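The lines below spell out each chain.
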Amino acid sequence: MSAPPAGALATRDLSLWYGPVQALDLVSLSIAPHAISAIIGPSGCGKSSLLRSFNRLHPLAADVRVSGDVTLNGASVCASSLPVEELRRRVGMVFQRWTPFPVSIYDNVAAGPRLNLRLERADLDAIVEQALRRAALWDEVKDRLREPARRLSGGQQQRLCIARALANGPEVLLLDEPCSALDPIATQRIEEVLWELRQDVTIVIVTHNLQQAARLSDETAVLIGGRLVEHGPSSQLFTSPREPRTEAFITGRFG
Amino acid sequence: MAVVVAATAFAVSPLAALGGHLVREGGAALHWSFFTALPAPVGEPGGGMANAVVGTLLLVSIASLMAIPVGVGAGLYAAEHRGRPLALAVRFVSEVLSGVPSIVIGILSWEFVVRPMGHFSALAGAVALAIIMLPLVARATEEMVLLVPSALFETALALGYGHARAVVRVVLRTALPGILTALLVAVARVAGETAPLLFTAFGNHFWSVSLREPVSALPLQIFTYAISPYDDWRALAWAGALVLVGLAVILGIAARVTMRHRHGRRVR
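What counts and how
- Residues numbered from 1 in each chain as written.
- Chains lettered and ligands numbered in written order.
- Predicted model: local features only at pLDDT ≥ 70, side-chain atom pairs only at ≥ 80, totals over all residues.
- Helix = DSSP H or I, 4+ residues; strand = E, 2+ residues; numbered from the N terminus.
- Rg over C-alpha atoms; globule rule 2.2 N^0.38 Å.
- Buried ≥ 20, exposed ≤ 12 C-beta atoms within 10 Å, placed from the backbone.
- Contact = placed C-beta atoms within 7 Å.
- Nonpolar A, V, L, I, M, F, W, Y, C, P; charged D, E, K, R; others polar.
- Expected span 1.5 Å × (residues − 1).
- Bend = angle between axes of the 7 residues up to and from the residue.
- Pairing = 2+ DSSP bridges.
- Axes fitted to C-alpha atoms, helices over the stretch in contact; angles between N-to-C directions.
- Core = buried A, V, L, I, M, F, W, Y, C linked by C-beta atoms within 7 Å.
- pLDDT = per-residue confidence, 0-100.
- Parallel < 35°, antiparallel > 145°, perpendicular 65-115°, else oblique.
- Left-handed = near helix turned anticlockwise from the far one by under 90°.

Peer 1: What is the right way to read the overall build of chain A from this model?
Peer 2: When helices and strands are counted, chain A shows 10 helices and 10 strands. Computed over C-alpha atoms, the radius of gyration of chain A comes to 18 Å, within 12% of the 18 Å expected from 2.2 N^0.38 for 255 residues, which places it in the range of a compact globule. Taking all 255 residues of chain A together, 47% fall into the buried category. When contacts within chain A are restricted to residue pairs at least 6 apart in sequence, those whose partners lie at least 24 apart make up 70%.

Peer 1: Is there a simple way to explain the interface of chain A and chain B in this structure?
Peer 2: Counting residues at the interface gives 24 residues for chain A, matched by 18 residues for chain B. Of the residues belonging to the side of chain A that touches chain B, the class tally is 10 nonpolar, 7 polar and 7 charged.

Peer 1: Mind showing me how you'd approach helix α8 (residues 163-191) of chain B here?
Peer 2: In this model α8(B) runs just 37 Å from its N-terminal to its C-terminal C-alpha over 29 residues, more than 12% under the 42 Å that 1.5 Å per residue would give. At B:L176, α8(B) shows its maximal bend, which comes to roughly 50 degrees, and the proline B:P177 appears one to four places after that position.

Peer 1: When you look at the sheet that holds strand β1 (residues 9-18) of chain A in this model, what are you seeing that I'm missing?
Peer 2: Whether parallel or antiparallel, the strands of a sheet pair through hydrogen bonds between backbone atoms. Residues and elements named next belong to chain A. Taken in spatial order, the 4 strands of this open sheet run β2-β1-β4-β5, and their pairing is antiparallel. Each end of this open sheet is capped by a strand with a single partner; those strands are β2 (21-30) and β5 (75-76). Direction of pairing for β1 relative to strand β4 (residues 64-72): antiparallel, over a ladder of 8 bridges. The partner of L9 across the bridge, within β4, is L72.

Peer 1: Could you clarify how one ought to interpret the sheet that holds strand β3 (residues 36-40) of chain A in this entry?
Peer 2: Residue and element names in this part refer to chain A. Taken in spatial order, the 6 strands make up an open sheet running β6-β7-β8-β3-β9-β10, and their pairing is mixed. Both outer strands of the open sheet, β6 (91-94) and β10 (227-233), are each paired with one neighbouring strand and no more. Strand-to-strand twist of the sheet, defined as the mean angle between neighbouring strand axes without regard to direction, takes the value 15 degrees. Pairing geometry for strand β9 (residues 219-224) and β10, over 6 bridges, is antiparallel. The residue of β10 that forms the bridge with E219 is P233.

Peer 1: Hey, could you run me through unusual backbone geometry in this one?
Peer 2: Residues and elements named next belong to chain A. Not every positive phi belongs to a glycine, and D13 is a case in point at roughly 50 degrees. If you trace the backbone, D13 turns up in strand β1. D13 gets classed as exposed once you count the C-beta atoms within 10 Å, which come to 12. At N73, a residue that is not glycine, the phi angle is positive and equals roughly 55 degrees. Mapped onto the fold, N73 is located in the loop between β4 and β5.

Peer 1: What should I look at first to understand the nonpolar core in this one?
Peer 2: Of all hydrophobic cores here, the largest spans 146 residues; its most connected members are A:A163, B:L59, B:L129, B:M133, B:V137 and B:A201. In terms of residue count, the dominant contributor to this core is helix α6 (residues 122-147) of chain B (18 residues). Apart from residues no more than four positions distant in its own chain, B:V137 is found in contact with B:A67, B:I68, B:G71, B:V72, B:G75, B:A182, B:L183 and B:A186.

Peer 1: For this particular structure, what's the right way to read the pairing of β1(A)?
Peer 2: Side-chain positions along a regular strand alternate between the two faces of the sheet. Residue and element names in this part refer to chain A. One ladder, built from 6 bridges, connects β1 with β2; its direction is antiparallel. Across the sheet, A10 pairs through a bridge with S30, a residue of β2. In this structure, the hairpin formed by β1 and β2 is closed by a connection of 2 residues, where G19 is found at a positive phi of approximately 60 degrees.

Peer 1: Looking at this structure, how should I read the confidence of the model for chain A?
Peer 2: Note: predicted coordinates in regions of low pLDDT should not be interpreted at a detailed level. A residue-level look at chain A finds 97% of positions with pLDDT of 70 or above and a mean pLDDT of 90. Ranking the elements of chain A by mean pLDDT puts β5(A) last, at 88, and strand β8 (residues 202-206) of chain A first, at 95.

Peer 1: Help me out: how do you make sense of the packing of helix α6 (residues 154-166) of chain A against helix α7 (residues 184-197) of chain A in this one?
Peer 2: How two helices pack is summed up by the angle between their axes together with the distance between the axes. Residue and element names in this part refer to chain A. One way to put it is that α6 packs onto α7 with a least axis distance of 9 Å and a crossing angle of 20 degrees. The angle between α6 and α7 places the two elements in the roughly parallel class. Here the hand of the crossing between α6 and α7 comes out right-handed. Of α7, the residues touching α6 (which contributes G154, G155, Q158, R159 and I162) are A186, R189, I190 and V193. Partitioning the contact of α6 with α7 into residue classes produces 4 nonpolar, 3 polar and 2 charged.

Peer 1: Sorry, what's going on with the packing of helix α3 (residues 50-80) of chain B against helix α4 (residues 85-99) of chain B here?
Peer 2: All names here are of chain B. Relative to each other, α3 and α4 sit at 130 degrees, their axes nearing to 8 Å. Here α3 lies oblique to α4, going by the angle between them. Remark: the crossing between α3 and α4 carries left-handed chirality. Seen from α3, the contacting residues are A74, Y77 and A78; seen from α4, they are A87, V90 and R91.

Peer 1: Looking at this structure, how should I read the pairing of strand β7 (residues 172-176) of chain A?
Peer 2: Residue and element names in this part refer to chain A. The buried fraction of β7 is high, at 5 of 5 residues. Covered by surrounding structure in β7 are V172, L174 and D176 together with L173 and L175, the residues of both alternating faces. As defined by bridge partners, β7 adjoins β8 across 5 bridges and the pair is classed as parallel. Across the sheet, residue L174 finds its bridge partner in β8, namely V204.

Peer 1: How should I be thinking about the environment of A:L115 in this particular structure?
Peer 2: Inspection of the secondary structure puts A:L115 in helix α3 (residues 105-116). On the basis of neighbour count, A:L115 is assigned to the partly exposed category, with 17 C-beta atoms found within 10 Å. Along the sequence, A:L115 and A:L228 sit 113 residues apart, while their C-alpha atoms lie 37 Å from each other. Residues within four places of A:L115 in sequence aside, it is in contact with B:G160 and B:Y161.

Peer 1: Quick question: what am I supposed to make of the environment of B:L159 here?
Peer 2: Take B:L159: it is sitting in the loop between α7 (150-158) and α8. For B:L159, a count of 26 C-beta atoms within 10 Å corresponds to the buried category. Sequence separation of B:L159 and B:A186 is 27 residues, and the distance between their C-alpha atoms is 35 Å. For B:L159, the contacting residues outside a window of four places in its chain are A:R88, A:A111, A:G112, A:R164 and A:N168.

Take a look at the structure:
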C-alpha cells in the first residue's frame, strides 16, 4: 500500500462538545486531496467546529472536549511528533472577516516565513512574491508593498490573507466562509484563486452560499446537527442527493 | 442657539483668560536662562529653574521606568485572562487606585520610602509618581488589548505563532498606538503633580541628579516661588507654569499624532 498523497485530511468518529452541548457527533470524513471540498449545513451545525479541529484551533473555546481522531496524511494531528505550530503551518486557515495585521502588505505575507526560517532578503522577497502571485494579488500591489495592508479593499485584504497563509507553503488550506462579507465580483476573484490553487493544495471551504459550493467544489459534505448526513461529488450531491435531509436543505425547505 | 453660544463662551472664557495671562506673565519672565541657570539667591537678579526642569525629567523618567512595564504587564494579563480572580483584582485595584487623591499616594511613598531611607529623595518622589501612573497605564493597556479582535490572535495562531509570540507580536503590536497614547497622557498627568512630591522629592535649590538626594521639580519650584514675597520670584513662577503647560500641550499633541497613526503607516 502506497503512502497517502500529501494534504489528505480525514476524521474518524470525531465528536466534540462545548460544555454540555455537543457540536460534532461521530463525524467520519475523508477529504479528497488536491481538490476543493465544501462543507455546508445550517447555522450551528458544527461546520466551523469541524474546520477548526483540522488545525487544532478548537481548544481556544472554553471547556471543550473531543473524542475520535483527525489525521493528516494518515498521522494523527494530535501526535506528539507533530507540534501544533508545525501542524498549523501545514494546514493554513483563512477566516470569515479578513484579518490583516496592522503592518505593511509585505510584512503581512512575510509573517509566517519569518517565524520559522532564517531567510536571506532575496529569498524572502521571492516567497512573498510567489504567495501574492498565487493569490492573484501581485499585479495590484507590487508597487505598494510597503503600504499598510488595511488600505486595501475588502476583497484585496481577503486575498492578502490567502497569500499570507500560502507563504507558509501549506498542504491544506481551510477557509471559513471567506466570501460572506464580499461583493460578487470580489467573490469571483477568490473563487478563481481557489480554483487555481486546488492543483497543489487541498482546499476545505465552509460556506453558507450553496451556489458557491455547487459551482466551486469537487466534493461536498453536508453537516446537520453535528452529524455528517451526506458526502460525495458535488455534481451528484446537488442534483440527485441520496438523503432526504440533504435534499430538504439544498432546496431550502429548512436550514 | 444663543443659549448654547453663551454657555460655550462661558465655558471657554476661563481657559482663554488663563492662557492669555499665562502667556503674558510667563512669556515676559521666560528667558533662555530659565533653562540654563540655577535659582538665584534672594535679591540677586536673574536665575532660572534649570535644576527643576532636569528634576522633573528625572522624576518622570524613573517613574515611567517603574510604572510602564508593570502597568502594561498587568493590563495585558487582565485582558488575556478576563474573568479570572487575579484579573478582576487588577481591574478593581486599578479603579480604586486611580481614585485615591495624589497627596495620599505621597503619604504612602513617604511611609515606605522616605521613612526607611531616613531622608527625602528623588527615588521617593518617583515612586509616588509611579503609583499614580500605574492604574492609568494598566487600565489603558487592558482596554486597548480588549479592542483587538480575537480573530487577529487566532490568525496568528493559525500561521504557526506560539501563544506568547501571538500575544506580543500581534495583539500587543496592534494595541500599541492606543497604549502609547495613554502612556503620553499618563506622563503629562504626573509631570504636573505637586502634592505627592512635597514630602517625597521635597525640592532642592541646587543641581542634583542623584536618586538618593532630594530633587527639585517644576511644580515644586512654582509652588515655592509663587508663595514667596518677591516679585521676581513670582514672575519666574509664571514662567515655570508656562513651561509646564507647554510640556503638557506637546505631550497632548504627540498623543493625538500617535492616535491618528493607529493603523500604522510605517512598519519595522
